[in-house]
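The primary structure of each chain is shown beneath.
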There are 2 protein chains.
Amino acid sequence: MALYEDIYHTFRENIKQGVYSPGERLPSIRETAEKFNCNKITVQKAFERLKNEGLIDNQVGRGSFVCFPDTPAGQQHVGFPFHSAYICDDLFPADQAFELFDQMFREEGHLFDTGPMEGDSELVEALSSRYKVDHERTIIISGAQQGLNLCRTLYNLNISEHMLFEDPTYSGAISIFRPKHFVELEPDGPDLNRLKQLMKGKARFFYTIPQVHNPTGISYSKGKMDEIARLAEEHNVFIIEDDYLSEFADHPGERFIDRIPHRTIYIKSLSKVTAPGIRLGFMTVPGAMYQDFIRGKFSADLGTSLLMQRFFVRFISSGLLDRHLQKCRTLLGSRKKTIESVIGKYPFLRIPAQQSGYNIWIESSIPLPGEHVPWAKGEHFSFSSRWTDSFRLSLLGMGDRDFQNGASYLDSLFQSCSRNSSRPVL
Amino acid sequence: MALYEDIYHTFRENIKQGVYSPGERLPSIRETAEKFNCNKITVQKAFERLKNEGLIDNQVGRGSFVCFPDTPAGQQHVGFPFHSAYICDDLFPADQAFELFDQMFREEGHLFDTGPMEGDSELVEALSSRYKVDHERTIIISGAQQGLNLCRTLYNLNISEHMLFEDPTYSGAISIFRPKHFVELEPDGPDLNRLKQLMKGKARFFYTIPQVHNPTGISYSKGKMDEIARLAEEHNVFIIEDDYLSEFADHPGERFIDRIPHRTIYIKSLSKVTAPGIRLGFMTVPGAMYQDFIRGKFSADLGTSLLMQRFFVRFISSGLLDRHLQKCRTLLGSRKKTIESVIGKYPFLRIPAQQSGYNIWIESSIPLPGEHVPWAKGEHFSFSSRWTDSFRLSLLGMGDRDFQNGASYLDSLFQSCSRNSSRPVL
């Protein structure tokens, strides 16, 4: 076996066995060449092969780092998925949910039929009453993402002059709408001057997450909500209000759907606070748009699984949803403290503004590793350079043991960032 | 109470109590005026009110007919739903399906998690092997309609110059694509001269249902399949092959995905042959388009319910799917004979060409009632006048008793059409 293959196999085994863990820096090429008593070209060749196989990655001037296993959207997460804003399904009360399914199978018929296009009437009723929206304008959808996609399709909002976004904003919205026009977010909501200026132009829709914003965790102030509602009326702009996580707001939230229901498309995820596999959400839309959305939903998938809808009726009425949310809130509180105390140890890290929810938005004053990090990087949420050194840590994507190990891992990662940044760049 | 109100209430009660049933003609205005001993204006006023309430409808020169209750897409069907191409969920083995769910709940974990974006690997494997397609290019979708919608969105195929359709074609495709360019269907496939001419132009996609076509029930001949595949290659056209119902073909079918896989987007419904509430399907796409569709699926709904996917793995492996299909085939054969013998009694009705599947496509040589009929009218499948007097009867949308009553009802309806058409128009 050629020497470079020997080096390759040694590192490969060490990575597989966790001697070097994801995100960790490998010994430098120079150090490795010394250790194996060979020239640097040989080591380079071995590292090249590790890189080609996706095991490590280089950062110019910083060395080689062990890759996190690829986690394209929707794939099973491995490692410490602080990047995933989904609740880990370990935290979902699956056994009790299965019991509800069993009850349902015993007590109900026609579960494999199609339901009404707007959704099962009992579910529409239960959600409208729970979330205080008008049931006559409410439509069940297969997750909030579908609601966004319906807006895109129905009103042609792809790369559109007519659409405004927060900066930063939800990455799923970026992938759907491919936005061009942004309004910078301040700690209490968007920059109003900029918003006003853009609303005077061609804007017809403003996509916003006014409560427990993703990724920043802020909530709009009452004053800004009022002013935005007024501007929307004045300039004939519709609000796409993404209620991503109001269940985890610290205070009962301010909503556009309450202020200007005739120009608010309210979209509520139900998967985000329960389990990603639920694939349910709902939207409440202006009366004049209701038939558009019913037709759009029909075109998109002929309706959402009635079985899952009927299950969710029971999930709410049995009180299981409320108990699950309460459990998550408690867990969230304790995990937040754990992470805040890790962050507090590193002066180059800062948690800006008032945040709620299960994500923590963090700013760094030193450059962080660019690739294969366990968090969601600022650039996923923005095209502007302002957020390059910010990142989002999500707190509910792991079971308890993984979370504890993950927190220690973050600690050691920040420690190494700190050490690296204080060394002169060679 | 004014006399017109009296007349209104009498008819209203008679309709509600079934004295006049849906599709039935009411006594004429003249007859009614004579019976109530009033002038025709009074009767007209009563009929106007019945019409405003959606209870009756007028057909110019033919009189007033009792409306079928509205059945917007996806809503619960009432009456005799010969228009519904979905298998009635009475025919679905729900109890055995529930047992599979129970087994699954006992034996599997992570059912509420997200799966891979392309779908659960076991399901992809099982479907690829069953339907003989390449698993590496196969993606699970939330029903065939979603597959069509992804094509529309990804390649901008709404009201597009680049898209060809059969005439007639699936109404759901018409609602998604809003087609402009059609190729007339002959008993063995499309008019090849016309297809060639259009393929030479701007066409880049041809949407086709070559086996057990919807609505006509025909299948393309081997000769036409070969020639179309050749033309597609020559003119760089992609085939969107909708495998709607090949499970019910009389013979193993001819497919584009086998001939020209690198230019075929194959879409398979799984709801159509099982139960509408299943909301599953899959598509196998050219390798070069695979990542487009994965991204499109992500944008559309972040993935299909893992719970339903894992259920379907068991639905196949337990043999339940095969037993269900066999039961449907038997039922279909017997129902087809029943309907054919009804149709055979009326010389003005004709079942054209070789048809398979659970729809019967019928031509009438006399005009049939225009509104509120229990079948799907030709104009739902075509913009051309050629199919105005054709209609589709679906055979699996009802339980046994409803079907038998429905067949008698059809018989009496055709009898009355026959009588009406032989009378001179007054």
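Residues numbered from 1 in each chain as written. Chains lettered and ligands numbered in written order. Predicted model: local features only at pLDDT ≥ 70, side-chain atom pairs only at ≥ 80, totals over all residues.

**Side note on the sheet that holds strand E9 (residues 264–269) of chain B**
Residues and elements named next belong to chain B. With mixed pairing, eight strands are arranged side by side in an open sheet as E3-E10-E9-E8-E7-E4-E5-E6. Where the open sheet ends on each side, the last strands, each with one partner, are strand E3 (138–141) and strand E6 (189–190). The pairing of E9 with strand E10 (residues 281–284) spans four bridges and is antiparallel. Bridging from a neighbouring strand, Lys 268 pairs with Phe 282 of E10. Contacts from helix H6 (residues 144–154) reach E3, strand E8 (238–243), E9 and E10, with the element oriented near 155 degrees to E9. (Pairing = 2+ DSSP bridges. Helix = DSSP H or I, 4+ residues; strand = E, 2+ residues; numbered from the N terminus. Contact = placed C-beta atoms within 7 Å. Axes fitted to C-alpha atoms, helices over the stretch in contact; angles between N-to-C directions.)

**Here we look at the packing of helix H6 (residues 144–155) of chain A against helix H11 (residues 290–301) of chain B**
Where H6 of chain A contacts H11 of chain B, the two axes come as close as 5 Å, and the packing angle between them is 100 degrees. Relative to H11 of chain B, H6 of chain A is oriented roughly perpendicular. Together, Gln 145, Gln 146 and Asn 149 of chain A of H6 of chain A and Ser 299, Ala 300 and Asp 301 of chain B of H11 of chain B make up the contact between the two elements. Here the contact of H6 of chain A with H11 of chain B is built from residues that sort into one nonpolar, four polar and one charged. (Parallel < 35°, antiparallel > 145°, perpendicular 65-115°, else oblique. Nonpolar A, V, L, I, M, F, W, Y, C, P; charged D, E, K, R; others polar.)

**Details of the domain arrangement of chain A**
The assigned domain composition of chain A is domain 1 (3–63), domain 2 (79–84 + 321–422) and domain 3 (95–319). Between the C-alpha centres of domain 1 of chain A and domain 3 of chain A the distance comes to 47 Å. (Domains from an automatic or database assignment.)

**A short note on the interface of chain A and chain B**
Every contact between the two is made by 42 residues of chain A and, on the other side, 42 residues of chain B. Put simply, the parts of the chain that give the side of chain A that touches chain B at least two residues each are helix H4 (94–107), H6, helix H7 (171–177), helix H11 (290–301) and helix H12 (306–317) of chain A. Here the side of chain A that touches chain B gets five residues from one element, more than from any other, and that element is H4 of chain A. Taken together, the residues of the side of chain A that touches chain B break down into 22 nonpolar, 15 polar and five charged.

**Some words on the relation of the copies chain A and chain B**
The transform that puts chain A on chain B rotates by 180 degrees and translates by 0.2 Å along the axis, for an RMSD of 0.4 Å. On this basis, the relationship between the two copies can be described by a two-fold rotation axis. Scanning chain A for the C-alpha nearest the rotation axis identifies Asp 102 of chain A, at a separation of 3.4 Å. (Least-squares fit on C-alpha atoms with pLDDT ≥ 70 in both.)

**Things to note about helix H9 (residues 222–235) of chain A**
Residue and element names in this part refer to chain A. For H9, built from 14 residues, the straight-helix expectation of 20 Å at 1.5 Å per residue is met to within 8% by its first-to-last C-alpha distance of 20 Å. For H9, the complete set of buried residues consists of Met 225, Ile 228 and Ala 232. Buried residues of H9, viewed axially, fall in a sector of 70 degrees; they line one side. With respect to the buried face of H9, the exposed residues turned more than 90 degrees away are Lys 222, Gly 223, Arg 230 and Glu 234. (Expected span 1.5 Å × (residues − 1). Buried ≥ 20, exposed ≤ 12 C-beta atoms within 10 Å, placed from the backbone. Arc of directions from axis to C-beta.)

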